[in-house]
Amino acid sequence: MAEEQTKKRICKKCLLRELAVEDQKNIQRYLDAIKEKDRVQEQVYEKRLVICKSCDRLSEATCQACGCYVELRAALRHGRCPYKKW
């Protein structure tokens, strides 16, 4: 029973790429579809995600301040944190 409860537990501080293989595939498809001119460099993207993972508003890979999937917003050159952390 404890194992079953563990599987149902939702990670409050996880990104989609950490939750399920299917989520990882969906994110990668989205990221691949972003034109290079509209995308931030990988180093900037990862830095943004580190900031999001430390934020109290992150829940189940979603920003509770704006409702976006942080991995998708962080990849966009015009993407902004609602709290101006990046």
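Residues numbered from 1 in each chain as written. Predicted model: local features only at pLDDT ≥ 70, side-chain atom pairs only at ≥ 80, totals over all residues. Heavy atoms only, no water.

(A) Region of interest: the overall build of the chain. If you tally the helices and strands in the chain, you get 4 helices and 2 strands. When the helices and strands of the chain are placed in sequence order, the string is α-α-α-β-β-α. Expressed as a percentage of the 86 residues in the chain, the buried residues total 31%. Sequence-distant contacts, at least 24 apart, represent 62% of the contacts inside the chain between residues at least 6 apart. Summed over its atoms, the accessible surface of the chain is roughly 6300 Å², and 51% of this surface lies on carbon and sulfur atoms. (Helix = DSSP H or I, 4+ residues; strand = E, 2+ residues; numbered from the N terminus. Buried < 20%, exposed > 50% of the residue type's maximum accessible area, 1.4 Å probe, protein only. Contact = heavy atoms within 4.5 Å. Areas by Shrake-Rupley, 256 points an atom, 1.4 Å probe, with all protein chains shown as cover.)

(B) Expanded view of the confidence of the model for the chain. With 84% of its residues at a pLDDT of 70 or more, the chain shows a mean pLDDT of 85. Helix α3 (residues 42–53) holds the highest mean pLDDT among the elements of the chain, 96, whereas helix α1 (residues 2–8) holds the lowest, 51. (pLDDT = per-residue confidence, 0-100.)

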